[in-house]
Amino acid sequence: MERLDVFNCSNTLIASYFTDDRGCAHENREHTLIYLCSGALEIEERGKKTILHPGDCAFMRRDHRMWLQKYATAEKPYHSIVLKFSRNFLREFYQTLDTQQLPQETKREKTSLRILPFRRPDIRSLFESVAPYFTAGLKPSEEVLKLKMIEGIYVLLHTDKSLYASLFDFVEPWKIDILDYLNENYMYDLSLGEIAAYTGRSLATFKRDFAKISDLTPQKWIIRRRLEAARELIHKGQKTITEVCYDVGFKDLSHFSKIYKKTFGCSPRNSQ
């Protein structure tokens, strides 16, 4: 019998149990750690696929979209635990650090996905310590959740000093503003000049700021975002291919089908 359980603790700790395979578009609004307990998880981002197996843990940087394909097995369900780090928590934690001891000249990574070393004791301890809450159906207190976020932060900081720059990047709020605007307006036929103006920038400043958050050009990012949205709508099966094409912002069905197949390896109709 198909089973789906999602146990959400204040959008900080989230456990998922699936007995069937599931795929979904996933957008990180917060920096996230995901730990796989059983099953398999395929993460696709910019055409690159990464597979997590039981015991694997990955860091997903915020403000990036990925396609997650979750697989159960005949013996065990898909089971993962997610830990998210809110911006408020990161600001509070940053205030506790001795700025004189922070690593110098670290740069924020452009990569959106990082696989952590396999079966590290601190990672296993972090996630296995919260499993009993999910089994019992009890939500941990806010104090416990904060302790787990602190534990998770040290897991990342002990992995690579460059992650300091990625975790504590809230000093550049423009980053979030740009992605929020594009995620809400990718389907509209806007010029780069219009997008720059709507986000309060000159065209040159917009291009420079955008280069800090993506290896893609703004135009290619928008096309990729439209294709991801199209794939999600096609999988839902509630609209025709033509409706999906125009809803996400493409103007030509033939062109849409061609670049969809080039990107995902199959035509829109074969994705249904």
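Structural notes on the environment of Thr111
- One can find Thr111 in the loop between α1 (87–95) and β10 (113–115).
- According to the relative accessible area criterion, Thr111 is partly exposed, its value standing at 48%.

Some words on the packing of helix α2 (residues 121–128) against helix α4 (residues 142–157)
- Look at α2 against α4: their axes get within 10 Å of each other, and the N-to-C directions meet at 160°. Between α2 and α4, the angle falls in the class roughly antiparallel. When you trace α2 past α4, the crossing you get is left-handed. Within the contact between the two elements, α2 uses Asp122, Ile123, Ser125 and Leu126 and α4 uses Lys148, Glu151, Gly152 and Val155.
- Grouping the constituent residues of the contact of α2 with α4 by class yields three nonpolar, two polar and three charged.

Overview of the pairing of strand β6 (residues 48–52)
- Inspection of the sheet shows strand β5 (residues 40–45) paired to β6 by five bridges, in the antiparallel sense. Bridge pairing links Leu41 to Leu52 in β6.

Some words on the sheet that holds β6
- If you trace the four strands from one edge of the open sheet to the other, you get β3-β8-β5-β6, paired in antiparallel fashion. If you trace the sheet from one side to the other, it starts and ends with β3 (22–27) and β6, each paired once. Each adjacent strand pair in this sheet contributes to an overall mean axis angle of 20°, direction not counted.
- Lying on the sheet, helix α9 (residues 218–236) is in contact with β3, β5 and β8 (65–71); it crosses β8 at an angle near 35°.

Some points on helix α8 (residues 203–211)
- Turning to α8, its buried residues are Phe206, Asp209 and Phe210. Taken down its axis, α8 places every buried residue within 100° of arc, on the same side.

Focus: the side chain of Ser16
- Within the secondary structure, Ser16 sits in strand β2 (residues 13–18).
- Dropping the residues within four chain positions of it, Ser16 is found in contact with Asp5, Val6, Tyr78, His79 and Ser80.

Topic: the nonpolar core
- Counting residues in hydrophobic clusters, the biggest one holds 33 residues, and the most contacted among them are Leu33, Phe85, Phe127 and Phe134.
- Ranked by the residues each element gives to this core, the list is headed by α4, at six residues.
- With near-sequence residues (within four places) excluded, Phe85 lies in contact with Glu30, His31, Thr32, Leu33, Leu90, Met149, Gly152, Ile153 and Leu156.
- Counting 27 residues, the second-largest nonpolar core is a separate cluster that includes Tyr181, Trp221, Ile241 and Tyr260.

Details of α2
- By the burial criterion, the buried members of α2 are Ile123, Leu126 and Phe127. Take α2 and look down its axis: the buried residues cluster within an arc of 85°, on one side only.
- Buried residues belonging to α2 abut β4 (31–38), β7 (57–60), β9 (78–85), α3 (131–136) and α4.

A word on unusual backbone geometry
- Look at Ser10: it is not a glycine, yet its phi comes out positive at around 55°.
- Tracing the backbone shows Ser10 in the loop between β1 (4–9) and β2.
- Phi at Asn11 takes a positive value of approximately 55°, unusual for a residue other than glycine.
- Within the element layout of this structure, Asn11 appears in the loop between β1 and β2.

Cut-offs and rules
- Residues numbered from 1 in each chain as written.
- Predicted model: local features only at pLDDT ≥ 70, side-chain atom pairs only at ≥ 80, totals over all residues.
- Heavy atoms only, no water.
- Helix = DSSP H or I, 4+ residues; strand = E, 2+ residues; numbered from the N terminus.
- Buried < 20%, exposed > 50% of the residue type's maximum accessible area, 1.4 Å probe, protein only.
- Axes fitted to C-alpha atoms, helices over the stretch in contact; angles between N-to-C directions.
- Parallel < 35°, antiparallel > 145°, perpendicular 65-115°, else oblique.
- Left-handed = near helix turned anticlockwise from the far one by under 90°.
- Contact = heavy atoms within 4.5 Å.
- Nonpolar A, V, L, I, M, F, W, Y, C, P; charged D, E, K, R; others polar.
- Pairing = 2+ DSSP bridges.
- Arc of directions from axis to C-beta.
- Core = buried A, V, L, I, M, F, W, Y, C linked by side-chain atoms within 4.5 Å.

Read these as spatial facts, not as claims about activity.
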